[in-house]
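# Results of the structural survey
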Amino acid sequence: MAAQRVEVDGGIMEGGGQILRVSTALSCLLGLPLRVQKIRAGRSTPGLRPQHLSGLEMIRDLCDGQLEGAEIGSTEIMFTPEKIKGGIHTADTKTAGSVCLLMQVSMPCVLFAASPSELRLKGGTNAEMAPQIDYTAMVFKPIVEKFGFKFNCDIKMRGYYPKGGGEVIVRMSPVKQLNPINLTDRGSVTKIYGRAFVAGVLPFKVAKDMAAAAVRCIRKEIRDLYVNIQPVQEPKDQAFGNGNGIIIIAETSTGCLFAGSSLGKRGVNADKVGIEAAEMLLANLRHGGAVDEYLQDQLIIFMALACGVSRIKTGPVTLHTQTAIHFAEQLAKAKFSVKKSEDEEDASKDTYIIECQGIGMTNPYL
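Reading the values: rules and limits
Residues numbered from 1 in each chain as written. Predicted model: local features only at pLDDT ≥ 70, side-chain atom pairs only at ≥ 80, totals over all residues. Heavy atoms only, no water. UniProt positions renumbered as here; feature names shortened; annotations may be inferred. Salt bridge = Lys/Arg side-chain N within 4 Å of Asp/Glu carboxyl O. Helix = DSSP H or I, 4+ residues; strand = E, 2+ residues; numbered from the N terminus. Buried < 20%, exposed > 50% of the residue type's maximum accessible area, 1.4 Å probe, protein only.

Labelled according to an unreviewed UniProt entry, the protein appears under the name RNA 3'-terminal phosphate cyclase, originating from Mustela putorius furo. Under the Catalytic activity (unreviewed entry) heading, UniProt states for the protein: "a 3'-end 3'-phospho-ribonucleotide-RNA + ATP = a 3'-end 2',3'-cyclophospho-ribonucleotide-RNA + AMP + diphosphate". In its Sequence similarities (unreviewed entry) section, the UniProt record describing the protein reads: "Belongs to the RNA 3'-terminal cyclase family. Type 1 subfamily."

Structure representation (structure tokens):
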């Protein structure tokens, strides 16, 4: 008797690739056959894009599953998962599609594989509408490892819009189960650091200008900390194509990490790119949460799978986060609550506690 196929409406809430990533990862982990309809229904280019397709094919391959309807522009897919296996898995968006989003969909799955995995992810490493690989390595990694696993992220080649051509290799071993996390104590900001990069034909002065503008912007609000943003020229053999951008990270006394980042576009001056990243960081520091707005939704699936109660303190809960919670409840049957923080220091701020009773997923192969 095959399990009942779970029906997912890909057009609700965030209505984009994220629904696909969360639902296929959970389907793969829980062995639930899945049908997703109205994929990216409201987007300017509806249906599957190359990066969504390569993510789906990767999930199919890492569990020897069956996938129907998976082609560019398709708005409906059926997925039937089998056993998750370790080993080498490759995904190539053939575009500047984000390697970080490929990592988001595959990482929860291979944690519950039978043996260690190596994910070879190709596409954009520093691309629009997605985390930059530097964010993944410097913020996401140390925080998500609090769930009780380690991974190694090796940036072989950086790739930018529109060519892509980047490659990242992620290595990780499976776990028996995930520990719950508690990220509710923000602490005080102790350091601010970052990197401003140029690659390809762009002059090094652009990196220096982005860094200087960002430092000036942060200094207006945070005067007592040294802000260390390194301008970097990416080596020719480690970057494909042309690009520029900046990521700035704030670290607190309790080990919380917040970031602001921005990418250069043709015709946008360097100062503006630096200031945009600085303002994003400052906004993330104002709300009193212990995670920034980009980490929120990336932690939900791990909280849902963990064994026990996880709690994170956040600023305003994003639509991406609400969407991840909705599907983690629908598919994994985890229980979430989102409440305004009752701490006195948060009284004047828009601060929330997201709590989750995880399902205590255990690895059947270990």
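Alright, that's what it looks like, and here's the rest.
## Describing the pattern of salt bridges
In this structure the tally under the stated criterion is 24 salt bridges. The partner of Asp-9 in a salt bridge is Lys-38, and the shortest N-O contact between them spans 3.7 Å. With Asp-9 in strand β1 (residues 6-9) and Lys-38 in the loop between β2 (34-37) and α2 (50-62), the pair connects residues that are 29 residues apart, well separated along the chain. Overall, the relative accessible area of 27% leaves Asp-9 in the partly exposed class. When its relative accessible area of 49% is taken as the criterion, Lys-38 is described as partly exposed. Where Arg-286 meets Glu-221, a salt bridge forms, and the shortest distance between an N and an O atom there is 2.8 Å. Here the residue Arg-286 occupies a position in helix α6 (residues 270-286), and Glu-221 occupies one in helix α5 (residues 204-221), the gap between them amounting to 65 residues. By relative accessible area, which is 46% here, Arg-286 ends up partly exposed. Through salt bridges with shared partners, a single network forms among Asp-134, Arg-158, Arg-195 and Glu-234.

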